Amino acid sequence: MARDLRDHGGVRQHVPPQVTTSLPATRRQQIAAGVRDSFSAGLGILPLGIALGLMVVQTGLPWWLAPALSLSAFAGSVELLVVGMAATVTPLGAIALTVLVVNFRHVFYAFSFPLHVVRHPLAKAYAVYAMIDEAYAVNAALPETERSAPRLLAMQIACEAYWVGGGLAGVALSTALPGPVEGLEFALVALFTALALDAVRSRREIPSVLLAVASVAAALVLTPGVALFTALLVFLALLLARHLLATRRAPGKAAGEAAGA
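Residues numbered from 1 in each chain as written. Predicted model: local features only at pLDDT ≥ 70, side-chain atom pairs only at ≥ 80, totals over all residues. Heavy atoms only, no water.

Another point: the confidence of the model for the protein. Predicted coordinates in regions of low pLDDT should not be interpreted in detail. Within the protein, residue pLDDT values average 78, and 77% of them lie at 70 or more. The element-level mean pLDDT for the protein is lowest in strand β1 (residues 3–6), coming to 49, with helix α8 (residues 149–176) highest at 91. With pLDDT under 50 throughout, residues 5–9 is counted as low confidence; its partners more than four residues away or in other chains account for seven contacts. Counting contacts from residues 18–23, a segment whose pLDDT is below 50, to residues more than four positions away or on other chains yields zero contacts. (pLDDT = per-residue confidence, 0-100. Helix = DSSP H or I, 4+ residues; strand = E, 2+ residues; numbered from the N terminus. Contact = heavy atoms within 4.5 Å.)

Spelled out as structure tokens, the structure:
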């Protein structure tokens, strides 16, 4: 606000209003913010990467498979699954189909992932390639005004660095250990168990947990030899059915609330 001040002689002086503006963050500040965003995700990515490197070596596979998988199929959890399937000489077609089913959820991420902030075609292609669960969760928590291409890409590059670096660290650690580490194959199960427990705490996701239990039970009864694959397909079908049912109920529920108001 403008103010009128008097000097010692009693002369009125007009002081112009002070304008405070917040300057947009520079490119370097946006990149630094993206790296900071990745820290919370890195706490989970790095240990899993180390487990991946250890599993690759301990299952008798070549060490370079750890970084090769991390770069060719940057998806996190599915790579631990692929290592176990490769170690048991699973047919390539079955591996490819399993990877497709496990990562099919990424298709739905694209509907709300902020890819529109990335303009360059190559940068946009990398953003699609590096669209993992952790990247989606971190960006979902950001206000729309704070999203930018440098921040998004910096966060995704940092997450991939944690994953690839963790895999290489696991390979190096396996050579220094006197013997194999038992229970590494349970790392993937432990990860999804923790995610399932988080979902159970939210009553809204209890139906999804019940559908998952029903899918596993049906797969164990119908196709015990390929229970995992069948359970994933059944669970996907049940989730799609639940989504369609909820979509059909939404207009009727909204109309009922409007009539009650």
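Applying the stated criterion across every chain, the model contains three aromatic pairs. A ring pair is formed by Phe 74 and Tyr 129, whose centres lie 6.1 Å apart and whose planes are at 45°; its orientation type is tilted. Note that Phe 74 is positioned in the loop between α2 (65–72) and α3 (77–87) and Tyr 129 in helix α6 (residues 121–129), a separation of 55 residues in sequence. Note on Tyr 129: relative accessible area 29%, which makes it partly exposed. The structure contains a cluster of three or more aromatic residues connected by ring pairs, namely Phe 74, Tyr 126 and Tyr 129. (Phe/Tyr/Trp six-rings, centres within 6.5 Å; stacked < 30°, edge-to-face > 60°. Buried < 20%, exposed > 50% of the residue type's maximum accessible area, 1.4 Å probe, protein only.)

What follows is about the UniProt feature "transmembrane region" (unreviewed entry) in the protein. UniProt records the feature "transmembrane region" (unreviewed entry) for residues 38–61, 81–102, 157–177 and 209–241 in the present numbering. Between the end C-alpha atoms of residues 157–177 the distance is 30 Å, and the span holds 95% helix and 0% strand. Within residues 209–241, the helical portion is 88% and the strand portion 0%, while the C-alpha atoms at the span's ends are 15 Å from each other. (UniProt positions renumbered as here; feature names shortened; annotations may be inferred.)

The next thing to look at is the side chain of Arg 147. Tracing the chain through its elements places Arg 147 in the loop between α7 (133–140) and α8. A polar contact is formed between the side chain of Arg 147 and the backbone oxygen of Asn 139, at a distance of 2.9 Å. In terms of polar contacts, Arg 147 uses its side chain to reach the backbone carbonyl oxygen of Leu 142, at 3.3 Å. Setting aside chain neighbours within four positions, we find Arg 147 in contact with Pro 114, Val 117, Asn 139, Ala 140 and Leu 142. (Polar contact = N/O pair within 3.5 Å; in protein donor to acceptor, adjacent residues only side chain to side chain.)

A few words on the pattern of salt bridges. The final tally for this structure, using the stated rule, is three salt bridges. Where Glu 144 meets Arg 147, a salt bridge forms, and the shortest distance between an N and an O atom there is 3.0 Å. Of the residues examined, Glu 144 reaches a relative accessible area of 46% and is grouped as partly exposed. The salt bridge partner of Arg 151 is Glu 146, with a shortest N-O separation of 3.6 Å. Given the relative accessible area of 14%, Arg 151 is considered buried. In the salt-bridge network here, residues are joined through shared partners; they are Asp 37, Glu 146 and Arg 151. (Salt bridge = Lys/Arg side-chain N within 4 Å of Asp/Glu carboxyl O.)

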